[in-house]
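# Observations on chain architecture
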Amino acid sequence: MSAGFQAILWNKQKKWYDIVFVSAILLYLIAYFTINTLLYPTITFETMLIRSFGTLALIMLHVILSIGPLARINNKFLVLLYNRRHLGVTMFLMASVHALFSIFQFHANGNINPILSVFVSNTHYNSFIYFPFQTLGFAAYIILMLMAFTSHDFWLSVLSPRVWKTLHLFVYFAYLLLILHVLLGVIQLESSPVYFVMLLLGVGWLAGLHLYAAYKEYKFDNRKLIENEGWVKVCAVDEIEDSKAKMIFANDERIAVFKYGNKLSAVHNVCKHQNGPLGEGKIVDGCITCPWHGYQYEPVNGCAPAPFTEKIATYHTRVIGNEVWLNPTAMPEGTFVEPTIIPANLNVITLTIKQSSPFYIGWQLTANKVFSIFAKKVSVIIVGISLLSAVLISFNQKHIAASQFIFNDKKEYAGQLILKPFPALRTVTGKDVYGNPIIKTYPLINVWKFGADSLVKEILGSADVADVVLKGDILVRDNVEEIVLNYGASSIQIKNKTSTLDRLMMNEGKDTVINGEIIDPKCYFGAMNPGEGKPHRSCAIRCIEGGIMPMVTYLGNDGKKNYTVLLGENGVSLNKVIAYAVAEPVQLKGKIFTVDNWKVLEVKIPDGLIRTTLRK
């Protein structure tokens, strides 16, 4: 709605609004991707995508939640309020990239539905520290989705302003869920205090703004009123600017008393559109104009001009001496009330005392100079915050491993295919000083979140080993390599049903106790980066329950990181048994065997799993 009741398209103010925020968004993303690519060459594109859009959406949400209280504290911030819903929908789109890619990356292509996986992969709902943080983010995303889908005024009309407003107040619940989502997720992985400080500053900023705005309103609502025979004193006549209002709180309602020319009229302060404060607005073209979105009402009857049908309550006023008095009993919405005429001698005084202060609504083609200058300053601040946030978040993102997924390398590897103790390819890389072959073993992992056991068993049939040539992509971390069979059964071609290479001989196992972490070796070794810790826990559970052999990473006596495949007694699979303990510190007791360049730890469950930080 506009002063002239004409359709509002992309005027200068709306274009400037979008240009500023789109520029800030693009600057943030460009800075984030550029810095991370330079600082962390091994970081995966998916990780940058998920983290950049997630942090961007959270920063945007802080800006959006700041606009309301800022506009109540200082009306110059109305330049941000008018298109706040537009900004909110944009924030939802940024959050959608983060949410959808996260669900696909961590939960899709496994053995259960990805949405179900969000809720059942990590089941530590009885623990605060280890609570499944992804479920919190999912719940917040659903709230943001409902808000974005109902942002148009069509839904405000269908749902009614009260229901619509209540629904959109759930943004604060979504914000709380997102703060917990971040606290229990990425921040547990990244050790830099900068993340804690940034999050604390954001929460403190919003809390301080809302508390200060609420305090101002509390002081206003609790002012002591002067009453006389059912009427209350509002103010002196000359305290009300021409075409502006003075607000008062009486009968548990906020009432706006407007002065226009030599007349006074009073209406209910709440706009029917989105509960905007009419008393902070101005009379434009003879109508009370809401400062939030330009909705208008006639001051004498509280009716929106045709063809609009909104109505607000009206009140009786009077002038006694130089004072404005109000009867706080509301008339029915849309009731005509004769405006109070200000005596001529008082009117002359009023018009010469004050000059009308700046007023702005977003649909105006040109903003008041005061607002224009302020808007430019705010634009610089927003763009600056965007760039600074990208730099701080990127430079303090330290948990990126020197791992790599050499995808689509299309190399062929020849050697001996084995199923036990774990699916692997044994290759000869040379001979030692005694002329014996030097054997390097590559553990095999299937496509997506599945192990290679069934595939290798199908290829071998009744045989124990076979000479094969296979195509696969290398995963490498800490100079340890694995092969991912990204082409299914066509990845392996049998050359000889037996093998020219000697059979694997396992040494006698040694009793040992290991303190380490159970990992999903596919993501940990580079399919994702980072592919470890609590943020990756749900994905690791899906991979291990999908058949990828679990491994344990631990520090050896020399302080170097070691890896061992984890099996049960006599080489049985533990995938279904130990999934709950993935990504947690564990102490394991069992026998450790040497398999070429790998180790295998066989433990007896439950006795072999001595300690975890959680209960099953």
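In the block above lies the structure referred to throughout.
A short tour of the structure in this document, coming up. Just so it is clear, the structure is predicted and the values come from calculations on it, not from any experiment. (Residues numbered from 1 in each chain as written. Predicted model: local features only at pLDDT ≥ 70, side-chain atom pairs only at ≥ 80, totals over all residues. Heavy atoms only, no water.)

## Focus on the overall build of the protein
To keep it simple, the criterion reads: Working definition: helices are DSSP H or I runs of at least four residues, strands are E runs of at least two. Numbering for both runs from the N terminus. Remark: exposure states derive from per-residue accessible area (1.4 Å probe, protein chains only) relative to the maximum for the residue type, with buried under 20%, exposed over 50%, and partly exposed in between. Here a residue-residue contact requires only that any non-hydrogen atoms of the pair lie within 4.5 Å. Per-residue accessibility takes into account occlusion by the displayed protein chains alone, with areas from the Shrake-Rupley method and a 1.4 Å probe. Lys and Arg are tallied as positive, Asp and Glu as negative. Neither His nor the chain termini are counted. In this description, the location of a charge corresponds to atom NZ of lysine, CZ of arginine, CG of aspartate or CD of glutamate.
When you go through the protein residue by residue, the secondary structure sums to 17 helices and 23 strands. Overall, the protein is about 115 × 45 × 40 Å in size when its C-alpha atoms are taken along their principal axes. For the protein, buried positions account for 52% of its 616 residues. Restricting the contact set of the protein to residue pairs at least 6 apart, pairs at least 24 apart contribute 69%. Just so you have it, the protein exposes about 29,200 Å², and 61% of that area is on carbon and sulfur atoms. For the protein, the separation between the mean place of its 57 positive charges and that of its 45 negative charges on side chains is 3 Å.

## Regarding the sheet that holds strand 7 (residues 287–289)
We apply this condition: Whether two strands pair depends on DSSP finding at least two bridges between them.
The three strands are arranged 6-7-8 in an open sheet whose pairing can be described as antiparallel. At either margin of the open sheet sits one strand with a lone partner, and together these are strand 6 (282–284) and strand 8 (296–297).

## A word on the side chain of Asn-575
Spelled out, the test is: Whenever two N or O atoms come within 3.5 Å, that pair is a polar contact, provided that in protein one can donate a hydrogen and the other can accept it, and provided that, for residues adjacent in sequence, both atoms are side-chain atoms.
Structurally, Asn-575 is set in helix 17 (residues 575–578). Polar contacts involving the side chain of Asn-575 include one to the main-chain carbonyl oxygen of Ile-544, which spans 2.7 Å. Looking at Asn-575, its side chain comes within polar contact range of the main-chain oxygen of Ile-548, at 2.9 Å.

## Brief notes about the packing of aromatic side chains
Here is the rule: Stacked, edge-to-face and tilted are the three classes for Phe, Tyr and Trp ring pairs, Trp counted by its six-membered ring, which pair at centre distances within 6.5 Å; planes under 30 degrees apart are stacked, over 60 edge-to-face, the rest tilted. Look at NZ for Lys and CZ for Arg. If either is within 6 Å of the ring centre and within 35 degrees of the ring normal, a charge sits over the ring.
On inspection of all chains with the given rule, the structure shows 13 aromatic pairs. Each ring, one from Phe-405 and one from Phe-407, has its centre 5.3 Å from the other, and the planes form 70°; the classification is edge-to-face. With relative accessibility at 46%, the residue Phe-407 sits in the partly exposed group. Measuring from centroid to centroid gives 6.0 Å for Tyr-524 and Tyr-563, while their planes differ by 70°, and the two rings are edge-to-face. Here Tyr-524 is found in helix 15 (residues 521–527), whereas its partner Tyr-563 is found in strand 20 (residues 561–568), with 39 residues between them in sequence. Summarising the burial analysis for this pair, Tyr-524 and Tyr-563 share the class buried. In this structure an aromatic cluster arises from ring pairing among Tyr-28, Tyr-32, Phe-33 and Phe-45. Above the face of the Trp-231 ring, Arg-318 is positioned so that its terminal group lies 3.7 Å from the ring centre. Sitting above the plane of the Tyr-487 ring, Lys-471 keeps its charged end 5.5 Å from the centroid.

## Side note on unusual backbone geometry
For the bond running from Ala-306 to Pro-307, omega is 10°, close enough to zero to count as cis. Take Pro-307: it is sitting in the loop between strand 8 and strand 9 (314–320). Omega for the bond connecting Lys-420 with Pro-421 falls within 30 degrees of zero, at 5°, which places this linkage in the cis form. Among the secondary structure elements, Pro-421 is positioned in the loop between strand 12 (403–418) and strand 13 (424–431). Its identity is not glycine, yet Asn-109 carries a phi of approximately 60°, on the positive side. Counting through the fold element by element, Asn-109 comes out in the loop between helix 4 (84–107) and helix 5 (114–120). Of note, Asn-570 is a non-glycine position whose phi angle comes to about 60°, a positive value. Residue placement: Asn-570 occurs in the loop between strand 20 and helix 17. When its relative accessible area of 75% is taken as the criterion, Asn-570 is described as exposed.

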